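# A look at the structure
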Amino acid sequence: MLKDIFMGLSQNQLLNGAAKKYGLKLGAQNVVAGTNVEETIQSIKELNAHGISCTVDNLGEFVFEKSEASAAKEQILSVIEAIREHGVDAHISLKPSQLGLDIDYHFCLENLKEIVAKAHSYDIFVNFDMEDHARLKPSFDILDELSKDYNNVGTVIQAYFFQAEEDLHKYKDFRLRIVKGAYKELPNVAYQEKQQIDENYIKLIEWHLLNGKFTSIATHDHNVINHVKLFVKQNNIPNDKFEFQMLYGFRKDMQLQLAKEGYNFCTYVPFGQDWYGYFMRRLAERPQNLNLVVKQVFNKKTNTMIGLAAGAFAIGRLTKKK
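Everything numeric here is computed off the predicted structure, so don't read it as measured data.

The rules behind each value
- Residues numbered from 1 in each chain as written.
- Predicted model: local features only at pLDDT ≥ 70, side-chain atom pairs only at ≥ 80, totals over all residues.
- Heavy atoms only, no water.
- Helix = DSSP H or I, 4+ residues; strand = E, 2+ residues; numbered from the N terminus.
- Expected span 1.5 Å × (residues − 1).
- Buried < 20%, exposed > 50% of the residue type's maximum accessible area, 1.4 Å probe, protein only.
- Arc of directions from axis to C-beta.
- Pairing = 2+ DSSP bridges.
- Right-handed = clockwise from strand over helix to strand, strands pointing away.
- pLDDT = per-residue confidence, 0-100.
- Contact = heavy atoms within 4.5 Å.
- Axes fitted to C-alpha atoms, helices over the stretch in contact; angles between N-to-C directions.
- Parallel < 35°, antiparallel > 145°, perpendicular 65-115°, else oblique.
- Left-handed = near helix turned anticlockwise from the far one by under 90°.

With 14 residues, helix 6 (residues 133-146) extends 21 Å from end C-alpha to end C-alpha; this agrees with the ideal 20 Å at 1.5 Å per step. Of all the positions in helix 6, only Arg-135, Leu-136, Ser-139, Phe-140, Ile-142, Leu-143 and Leu-146 are classed as buried. Angular distribution of buried residues about the axis of helix 6 spans 160°; they occupy a single face of the element. Residues of helix 6 that are exposed and angled more than 90 degrees away from the buried face: Ala-134 and Lys-137.

Shown next, in the form of structure tokens:
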């Protein structure tokens, strides 16, 4: 029920627009690293000072116009330029849908090619964030196409998909981020039970640590982290073959501790005004995330907005069922 509520909120364009307009007044600065490139670079520098690298995401939802996709492309290009100019330890994460995947495949491909080519010229890695099931195949197709000419691309494997193991094996020679999955998917394409997803998640991580190029383990779950620590020790897997990843603003103490212990650590750094859909999906992915950030992220106004929105959504769902 809670996951459904957060997923519904993430897809609500009205609430997304309101959050974009009033986000900073509601405490959104605690879940995004900045609203512009300059602020974001400063946040990256602060993380780098603690031995933490970053992957930067230009936030954006509901892109259905070419002008919006082109603007997103230019923003990402400016981030790449800023990473090079400031010499910070960071790379790019992007969503194909933000670059026009829902508008026109070839238009999206050309936008991504321009981004990847520029990043390649500066030796900057670009990660393709995978989205819902409907976008999986075209996103993988674009990755396949660009990897023919560029070696600075990688992607995400979502453990809740039945096809995840097959995709993991196919892309084992790529740098991969392994996650549980954050979208609501149908039972014919994805596991629905938490235990099944968790078991598959561990299975995929272990396989790629043993057989893959480089593994980014994206989780806030200390049980998974402790399991991985023991697994790499038992299998003599060197630190340069993997990293832990967490979201900006989540479990800050643990992020610092893992970096201090000598593990490679990367913080997922979102920036921009369009933060609402991104954050709701993080809560849908793991509702416990709300407990991790509620005190450090939200003020009273934010809690009120989310509470009212969630309540309205839940009532709407129940009314619909009747």
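Burial within strand 1 (residues 53-58) is extensive, with six of its six residues counted as buried. Residues Ser-53, Thr-55 and Asp-57 of strand 1 are buried on one face, and the alternating residues Cys-54, Val-56 and Asn-58, pointing to the opposite face, are buried as well. Sheet topology note: the strand 1/strand 8 (residues 265-271) ladder contains six bridges and is parallel. Each bridged residue has a counterpart across the sheet, and for Ser-53 the counterpart in strand 8 is Cys-266. In this region the chain leaves strand 1, passes through helix 4 (residues 66-86) and returns to the parallel neighbour strand 2 (residues 90-94); the handedness of that crossover is right-handed.

This next bit is on the confidence of the model for the chain. Predicted coordinates in regions of low pLDDT should not be interpreted in detail. Confidence along the chain averages 86 in pLDDT terms, with 77% of residues attaining 70 or more. Within the model, the stretch residues 307-322 combines pLDDT values under 50 with twelve contacts to residues more than four positions away or in other chains.

Glancing now at the pairing of strand 2. For strand 2, the tally of buried residues reaches five of five residues, placing the bulk of the element in the interior. Burial of the side chains of strand 2 extends over both faces: Ala-90, Ile-92 and Leu-94 are buried on one face and His-91 and Ser-93 on the other. Judged from the four bridges that link them, strand 1 and strand 2 form a sheet pairing that is parallel. Paired with Asp-57 across the two strands is Ser-93, which belongs to strand 2. With three bridges joining them, strand 2 and strand 3 (residues 126-128) adopt parallel strand pairing. Bridge pairing in strand 3 links Ile-92 to Val-126.

For the rest of this paragraph, the subject is the packing of helix 3 (residues 37-48) against helix 4. Interaxial distance between helix 3 and helix 4 falls to 10 Å at its minimum, and their mutual angle equals 45°. The angle between helix 3 and helix 4 falls in the class oblique. The handedness of the crossing between helix 3 and helix 4 is right-handed. Within the contact between the two elements, helix 3 uses Val-37, Ile-41 and Lys-45 and helix 4 uses Gln-75, Ser-78, Val-79, Ala-82, Ile-83 and His-86.

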